[in-house]
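Geometric and topological summary
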Amino acid sequence: MSTPQTYGHEQNRAAIKIIALRKKLLAIELKGEGLAKEEERIEFVAKLFRVLLKEYKESFDKGIVETKTRPVSPRTEPPRIAELLVGWCTKKGYRETLRDNLDEVFQRDLSNGMTVARARLRYWGGALNSITPQLLAAAKRIGIIGLIADYARRLLH
Amino acid sequence: MADVTDLKLIEQQMLLAIMRLHPNAYGVSIRDEIKTRINKEYSFGSIYAVLEHLEDGGLIESREGKATAVRGGRKKLYFTITGAGEKALQASLNAMDTMRAGLKLKGAFA
């Protein structure tokens, strides 16, 4: 069974504010019904927006409304699987350097305003481009897969 | 070590980029320099394979830089061209110029 919720003074004030705001908007909406001209409709929407903005500003100044900063998303990190692939498939000598370079390009893309999804996609592209020669060489070394890879390469050339 | 005139095109490009960027030539800056100048984007895998080959041949040297906050405290690996590297590059470019001398190519500058 759920326990009954108790509301503090601030929550009550916020609830009253919201009810008052809804009443005000309803009054404007009723007035706005049957607006035929486009200019009237634009003015009506602008009035609605002004009321909402005013109410929000007042609530914010009084501390009723609070803005919360969003937590940093862990997805702003480079794709973990791509990192692991690079780690597995590249030579030990420059493995870390290569990963650092991919990471630097990823961070630069983000700071240039690129979306996280696109930056991650570019990271994947860079990682796969970097490991493909190593993967092909490895495929060649292991028997039947190597023969298939060699055959595919001959067909392509 | 292979004959100094045997440098491949990508090796010539890497050596020239390293010289231009001296002393700040590392993976990302080398790739950006080549992309800016000739609009060709190599993968980091290709770049480091070539750099490793050049370093093994004694044409370039690498040194670790200081850790920077931008890279999360990790160090960059900087590359510089050696005397042998400069000689090899000069010989390689000379060989190309000799082969090209007297030929008129379409689309050439001046």
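Residues numbered from 1 in each chain as written. Chains lettered and ligands numbered in written order. Predicted model: local features only at pLDDT ≥ 70, side-chain atom pairs only at ≥ 80, totals over all residues. Heavy atoms only, no water.

Re the interface of chain B and chain A
Which entries qualify depends on this criterion: Residue contacts are defined here by distance: any two heavy atoms, one from each residue, within 4.5 Å place the two residues in contact. We define buried area as the total accessible area lost by two parts upon association, computed with a 1.4 Å probe and summed across both. The term salt bridge refers to a side-chain nitrogen of Lys or Arg lying within 4 Å of a carboxyl oxygen of Asp or Glu.
Facing the 16 residues of chain B at the interface are 13 residues of chain A. Both sides of the chain B and chain A interface together cover about 1400 Å² of buried area, and 50% of this is carbon and sulfur. If you look at where chain B meets chain A, you find one salt bridge. A salt bridge links Arg 108 of chain A to Asp 32 of chain B; the shortest N-O distance between them is 2.6 Å.

With respect to the packing of aromatic side chains
Applicable threshold: Whether two aromatic rings pair depends on their centres lying within 6.5 Å, for rings of Phe, Tyr and Trp, where Trp uses its six-membered ring; planes under 30 degrees apart make the pair stacked, over 60 edge-to-face, and the rest tilted.
Summed over all chains, the structure comprises four aromatic pairs over all chains. Within the aromatic cluster, the residues linked to one another by ring pairs are Tyr 94 of chain A together with Tyr 48 and Phe 79 of chain B.

A word on the confidence of the model for chain B
Residue and element names in this part refer to chain B. Selection criterion: pLDDT expresses, on a scale from 0 to 100, how confident the predictor is about each individual residue. Put simply, DSSP H or I for four residues or longer makes a helix, DSSP E for two residues or longer makes a strand, and each gets a number counted from the N terminus.
Residue-level pLDDT values for chain B average 88, and 89% of them are 70 or greater. Across chain B, element-level confidence peaks in helix α1 (residues 9-21) with a mean pLDDT of 96 and bottoms out in strand β1 (residues 60-67) with 89. For this predicted complex, the interface confidence reaches an ipTM of 0.83, while the overall pTM sits at 0.63.

Overview of the nonpolar core
Grouped burial of nonpolar side chains is what soluble globular proteins tend to show. Inclusion rule: What is meant by a nonpolar core is a set of buried Ala, Val, Leu, Ile, Met, Phe, Trp, Tyr and Cys residues, joined one to another through side-chain atoms within 4.5 Å. Between buried and exposed lies partly exposed: a residue is buried under 20% and exposed over 50% of the maximum accessible area for its type, with that area taken using a 1.4 Å probe on protein chains only.
Of all hydrophobic cores here, the largest spans 39 residues; its most connected members are Met 14, Ile 18, Ile 30, Phe 44, Leu 51, Leu 54 and Phe 79 of chain B. Once you skip the residues sitting within four places of it in the chain, Phe 44 of chain B turns out to touch Leu 98, Asn 101, Leu 102, Val 105 and Ser 130 of chain A together with Gly 27, Val 28 and Arg 31 of chain B.

Concerning the pattern of salt bridges
Residues and elements named next belong to chain B. This model, assessed by the stated rule, comprises eight salt bridges over all chains. The salt bridge partner of Arg 31 is Glu 41, with a shortest N-O separation of 3.1 Å. Taken together, the residues Arg 31 in helix α2 (residues 27-38) and Glu 41 in the loop between α2 and α3 (44-56) connect sequence positions ten residues apart. On the accessibility criterion, Glu 41 (41% relative accessible area) is partly exposed.

Quick look at unusual backbone geometry
All names here are of chain B. The omega torsion across His 22 and Pro 23 is 5°, close enough to zero to call that bond cis. Following the sequence through the fold, Pro 23 ends up in the loop between α1 and α2. Here Asn 39, not a glycine, exhibits a phi torsion of approximately 55°, which is positive. Residue position: Asn 39 is located in the loop between α2 and α3. Take Asn 39: its relative accessible area is 65%, and that puts it in the exposed class.

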